[in-house]
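# Close look at the chain arrangement
Here are the chains, one letter per residue:
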Amino acid sequence: DSITSPMIAGKADKVGRFANIIKQENKRMNSQVEKVLQMALIDKRDFSLKVSDVNLHDIIYNAVENINLQVEQKGGKARAELQASNPMVEGDNIHISNIINNLLDNANKYSPDAPEIIVHTRDVPNGVEVTISDKGIGMNKEQLKHIFDKFYRVHTGDVHDVKGFGLGLSYVKVMMTAHKGQIDVKSELGKGSSFTLFFPYKQ
């Protein structure tokens, strides 16, 4: 839509930026399809990580830039506060990218008005902590109990444009466990949610 708008069409730099985001999102859609297939393997506990050195800050920077295209259309802003001094961890680059992208997608989906999303990193013993916070609709205690269940989706009341299979957080949980990491969530109804991930330096 942005590219076809007359205000953008004549600006090569803007068209280039959006085309690059389309390219990145196509790659991510490809990996999302792969992820749905992998959920079947995960059910059978029949999958393996392709472990390499992963720069968490690079992944976060790209993910924030991509989600900002959607967030800015809603009058909001996503930003990164990258304070970890060593963002290099061992892990599966595609799966870690999917984890961050899924959590950013959720933060945007469940922030109906002008999303405010912050991705923060910091050094912790033996690894890196990544926190993704939003000021969206939040969750109550009962919803928090179920968010990592497969196919569970938080009821959004009047928000009708939240789409998805409810696979995202069950996938994130399984993948954090596979990476010998952790995921914690804090949320308050009407005030937003905060997901904290721990990635160990070494597998």
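From a predicted model like this one, the values you see are computed outputs, not experimental measurements. (Residues numbered from 1 in each chain as written. Predicted model: local features only at pLDDT ≥ 70, side-chain atom pairs only at ≥ 80, totals over all residues. Heavy atoms only, no water.)

## Observations regarding the packing of aromatic side chains
- Enumeration according to the criterion identifies 0 aromatic pairs in this entry.
- Of note, K173 hangs over the ring of F148, and the distance from its end group to the ring centre comes to 5.3 Å. (Phe/Tyr/Trp six-rings, centres within 6.5 Å; stacked < 30°, edge-to-face > 60°. Lys NZ or Arg CZ within 6 Å of the ring centre and 35° of its normal.)

## Structural notes on the sheet that holds strand β4 (residues 116-124)
- The mixed open sheet is built from 5 strands, whose spatial order is β2-β4-β5-β7-β6. Since the sheet does not close on itself, it has two edges, and those belong to β2 (77-82) and β6 (182-188), each with one partner. Neighbour-to-neighbour, the strand axes of this sheet turn through a mean angle of 15 degrees, independent of strand direction.
- Of the strand pairs in this sheet, β2 and β4 are connected by 6 bridges, and their pairing is parallel. Bridge assignment links E81 to a residue of β4, and that residue is H120.
- Lying on the sheet, helix α3 (residues 56-73) is in contact with β2, β4, β5 (127-133) and β7 (192-200); it crosses β2 at an angle near 165 degrees. (Pairing = 2+ DSSP bridges. Helix = DSSP H or I, 4+ residues; strand = E, 2+ residues; numbered from the N terminus. Axes fitted to C-alpha atoms, helices over the stretch in contact; angles between N-to-C directions. Contact = heavy atoms within 4.5 Å.)

## Focus on the pattern of salt bridges
- Scanning all chains against the criterion turns up 7 salt bridges.
- When the shortest N-O distance is used, the salt bridge between E90 and K202 registers 3.7 Å. Placement of E90 in strand β3 (residues 88-92) and of K202 in the segment after β7 is noted, with a sequence separation of 112 residues between them.
- Classification of K202 as exposed rests on a relative accessible area of 59%.
- One salt bridge in this structure joins K145 and E142, with 3.3 Å as the shortest N-O distance. Here E142 and K145 lie together in helix α5 (residues 141-146), a separation of 3 residues that amounts to about one turn.
- When its relative accessible area of 43% is taken as the criterion, E142 is described as partly exposed. (Salt bridge = Lys/Arg side-chain N within 4 Å of Asp/Glu carboxyl O. Buried < 20%, exposed > 50% of the residue type's maximum accessible area, 1.4 Å probe, protein only.)

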